[in-house]
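What follows is the residue order along each chain.
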Amino acid sequence: MAGTEIGTFCMQSVTGWIQINQDYTQNQQISCSNNAPGGSPGLSWSLDGQAYVNSPEWYALASTDSGNDPWNTIGWQTGSGSANLVQWAWTGSVTTGNTGAQQYGTGGATVSNTGGSGYWQAAIACVNAAGATASGNTNFERASHSMERSSAQVAHAASVRIRDKQLDIVDKVRNKASLAREYALKTNVTRTDTRTCPAGMVRKGKLAYTVQEFPANHTSPRWKDRSLVNVTMTPKGNNGGMVSMTLTKAKNPTVVQFQMRCGKA
């Protein structure tokens with residue numbers, strides 16, 4: 001698989017442009033369903049300059065099984081602003097997906113910003129049925145290595161239609177979950193939602209969110225033109241969390257990803 005054209009065995013599932021402030025650490029959950037037919041957040045970007053290939057579908061996450069938890073390798077790049085990112089290992093759960101069962105894999109990225117405020121976007125590698133066969137194993141390690149790059153060229157493709165999306169990863173064997181839901185916001189409309197951990201699990205750590213933008217020209221927005229969102233997050237008991245979101249200013253379609261980690265009670 002090494003050296004083959006993107007779109008033959010492997011396709012990158014790419015986020016929109018994510019806002020990050022100075023001295024912040026962020027988690028971003030990413031699903032191979034970004035590359036589903038019909039237009040999804042992330043469908044229009046590729047980190048290595050290759051155009052998106054819409055057939056066949058890219059269900060399985062290219063991941064490596066470390067013996068304890070599977071993990072995914074990411075690619076990322078910064079946009080406008082002065083963010084200076086350091087990549088950390090993704091500590092959330094991972095679901096590898098399955099091409100035969102038509103189930104999308106989901107993983108994530110973790111970065112810290114040691115610079116000023118700005119934008120970044122991330123990508124994970126997803127494989128089709130041919131990629132699963134060509135890898136010769138179930139963890140697609142060689143495919144995931146193709147994502148070990150940053151600051152690469154952005155390619156343009158079809159326009160993106162943003163929509164709500166659930167990206168939950170539940171690992172019943174290890175008794176942990178990474179719950180993430182994305183909300184497509186409209187200006188001056190308040191949206192609220194409550195998430196609850198799976199049975200037998202409790203909330204772990206702090207509630208968190210990220211703001212993604214999807215410009216029509218696919219390039220990073222200017223920081224001064226960034227979408228402004230008022231977000232309030234409230235813990236509920238020991239196994240839930242509520243979020244309230246109001247988009248007050250936006251030049252681009254805007255999505256908030258609300259995140260909650262769960263673990264053994």
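Keep in mind it's a predicted model, so treat the numbers as computed, not measured. (Residues numbered from 1 in each chain as written. Predicted model: local features only at pLDDT ≥ 70, side-chain atom pairs only at ≥ 80, totals over all residues. Heavy atoms only, no water.)

> I keep staring at the sheet that holds strand S9 (residues 106–113) and nothing clicks. Help me out?
Hydrogen bonds between backbone groups are what pair the strands of a sheet, and the pairing can be parallel or antiparallel. On the basis of which strands lie adjacent, the open sheet formed by 3 strands has the order S3-S9-S8 and antiparallel pairing. Because the sheet does not close on itself, it has two edges, and the strands there are strand S3 (25–31) and strand S8 (85–88). The mean angle between the axes of side-by-side strands here comes to 30 degrees, regardless of whether they run parallel or antiparallel. Examined bridge by bridge, S8 and S9 share 4 bridges and lie antiparallel to one another. Bridging from a neighbouring strand, Leu 85 pairs with Asn 113 of S9. (Pairing = 2+ DSSP bridges. Helix = DSSP H or I, 4+ residues; strand = E, 2+ residues; numbered from the N terminus. Axes fitted to C-alpha atoms, helices over the stretch in contact; angles between N-to-C directions.)

> It is not clear to me how unusual backbone geometry should be interpreted in this structure. Could you clarify?
Working note: non-glycine residues mostly have negative phi, and peptide bonds are mostly trans. A positive phi angle is found at Asp 23, which is not glycine, with a value near 65 degrees. Looking at the element boundaries, Asp 23 is found in the loop between strand S2 (17–20) and S3. Since its relative accessible area comes to 61%, Asp 23 is described here as exposed. Notably, Asn 188 is not glycine yet its phi reads approximately 65 degrees, a positive angle. Within the secondary structure layout, Asn 188 lies in the loop between strand S13 (176–185) and strand S14 (190–196). Asn 188 gets classed as exposed once you look at its relative accessible area, which sits at 60%. (Buried < 20%, exposed > 50% of the residue type's maximum accessible area, 1.4 Å probe, protein only.)

> Looking at this structure, how should I read the packing of aromatic side chains?
Aromatic ring pairs are described here by two measures, namely the spacing of the ring centres and the angle between the planes. A complete count under the given rule lists 2 aromatic pairs for this structure. An angle of 35 degrees between the planes, with centres 4.6 Å apart, marks the rings of Tyr 59 and Tyr 104 as tilted. With a gap of 45 residues between them, Tyr 59 in the loop between S3 and strand S4 (60–61) and Tyr 104 in the loop between S8 and S9 connect regions that are remote in the sequence. Plain terms: the ring middles of Tyr 119 and Trp 223 are 5.4 Å apart, the flat faces sit at 75 degrees to each other, and that makes the pair edge-to-face. With Tyr 119 in strand S10 (residues 118–127) and Trp 223 in the loop between strand S15 (201–213) and strand S16 (228–236), the pair connects residues that are 104 residues apart, well separated along the chain. The buried category is assigned to Tyr 119, whose relative accessible area is 0%. Residue class for Trp 223 comes out buried when judged on its relative accessible area of 18%. When the ring centre of Trp 90 is taken as reference, the NZ or CZ atom of Arg 261 above it lies at 5.0 Å. (Phe/Tyr/Trp six-rings, centres within 6.5 Å; stacked < 30°, edge-to-face > 60°. Lys NZ or Arg CZ within 6 Å of the ring centre and 35° of its normal.)

> What is the right way to read the state of the cysteines from this model?
Formally, a disulfide is one covalent bond, and it connects the sulfur atom of one cysteine to the sulfur atom of another. Under the criterion given, the structure shown has 2 disulfides. The disulfide partner of Cys 32 is Cys 126, and the S-S distance across this bridge is 2.1 Å. On the sign convention where negative is left-handed, the bridge of Cys 32 and Cys 126, at about -95 degrees about the S-S bond, is left-handed. Remark: Cys 126 occurs in strand S10 and Cys 32 occurs in the loop between S3 and S4; sequence separation between them is 94 residues. Across the disulfide, Cys 197 is cross-linked to Cys 262 (sulfur-sulfur distance 2.2 Å). (Disulfide = S-S within 2.5 Å.)

> Explanation requested: the layout of surface pockets in the structure shown.
Of the pockets and cavities examined, the largest pocket occupies roughly 510 Å³. Taken together, 22 residues make up the lining of the largest pocket; nearest its centre are Tyr 24, Gln 26, Ala 208, Tyr 209 and Thr 210. Within the residue set of the lining of the largest pocket, elements represented by two or more residues are S2, S3, S15, S16 and strand S18 (254–264). In terms of residue count, S15 provides more of the lining of the largest pocket than any other element does, 6 residues in total. Considered class by class, the residues forming the lining of the largest pocket number 11 nonpolar, 8 polar and 3 charged. (1 Å grid on protein atoms, 1.4 Å probe; cavity = no way out; pocket = protein on both sides within 12 Å on 5 of 7 lines; lining within 4 Å. Points joined across faces, edges and corners; volume = space filled by probe spheres on them. Nonpolar A, V, L, I, M, F, W, Y, C, P; charged D, E, K, R; others polar.)

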